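Architecture at a glance
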Amino acid sequence: MAKNRRKRVNADKRQENWVDRLVAVNRVSKVVKGGRRFSFNTVVVVGNEDGLVGAGLGKANDVSSAISKGAEDAKKNLVRVPIREGTIPHEVLGQQDAGKVLLKPAAPGTGVIAGGGVRAVLECVGLTNVLSKSIGTSNPHNQVAATINALDKLEDAIEVARRRGIPLEKVFNG
């Protein structure tokens, strides 16, 4: 990926209405002279339910420390998502390694049709009506990253019209 399009947003320290979701906990071991040393890594998704979302990885010797480290890491990697009436503006495909996530806008009342890490990301960002399909690996690290990649690719029609310097109708009608 030669061109990194991600527009990172810094988390305000005064903003305290963050929602965090624990996606996965993994126990890992390291064999040393005296036996095995166990530690934990966690995947945590943090969002404000109003268009900001980020994911982070935390590693520590106990689960609670790993979760808090993951939440702090997630706040450093936030992405702003355009939300239109509780759904996304258009269909999009996100990819991370072997994981692909397809997101489609849905009619009001549909709900979030997603599972695992994809659902956690979509709920933290504040989307209420979205259809999704996870293609490829079910690895939670890749699913979360692919979902954030898909959300990062989303563009609002008003922003596209402003960037191109054309009226909004011309964006849709050509």
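For the structure itself, look to the data block above.
A quick note: this is a predicted structure, and the numbers were derived from the prediction, not measured.

A separate point is the overall build of the protein. Within the protein, the regular secondary structure consists of five helices and nine strands. What you see in the protein, going N to C, is helices and strands ordered as β-β-β-β-α-β-β-β-β-α-β-α-α-α. On the principal axes, the C-alpha backbone points of the protein span a range of 70 × 40 × 40 Å. Per-residue burial for the protein yields a buried fraction of 37% across its 174 residues. Taking contacts inside the protein between residues at least 6 apart in sequence as the whole, the part at least 24 apart equals 57%.

With respect to topology, four strands assemble into an open sheet ordered β6-β7-β9-β8, the strand pairing being mixed. With partners counted over all chains shown, the strands left at the sheet margins are β6 (92–96) and β8 (112–113), one partner each. Bridge analysis of strand β7 (residues 99–105) against strand β9 (residues 130–136) gives seven bridges, and the strand direction is antiparallel. Note that in β9 the partner of Lys100 across the bridge is Ile135. Along the sheet face, helix α2 (residues 116–125) touches β7, β8 and β9 and points at about 45° away from the line of β7. The sheet strands contacting helix α3 (residues 140–153) are β6, β7 and β9, and the helix crosses β6 at an angle near 140°.

Our next topic: the pattern of salt bridges. Here the structure, examined in full by the defined rule, presents five salt bridges. Notably, a salt bridge pairs Glu159 with Arg162, separated by 2.9 Å at the nearest N-O pair. You can see Glu159 and its partner Arg162 sitting in helix α4 (residues 157–164), three residues apart, about one turn around the helix. Through salt bridges with shared partners, a single network forms among Arg21, Arg119 and Glu123.

The rules we used
- Residues numbered from 1 in each chain as written.
- Predicted model: local features only at pLDDT ≥ 70, side-chain atom pairs only at ≥ 80, totals over all residues.
- Heavy atoms only, no water.
- Helix = DSSP H or I, 4+ residues; strand = E, 2+ residues; numbered from the N terminus.
- Buried < 20%, exposed > 50% of the residue type's maximum accessible area, 1.4 Å probe, protein only.
- Contact = heavy atoms within 4.5 Å.
- Pairing = 2+ DSSP bridges.
- Axes fitted to C-alpha atoms, helices over the stretch in contact; angles between N-to-C directions.
- Salt bridge = Lys/Arg side-chain N within 4 Å of Asp/Glu carboxyl O.

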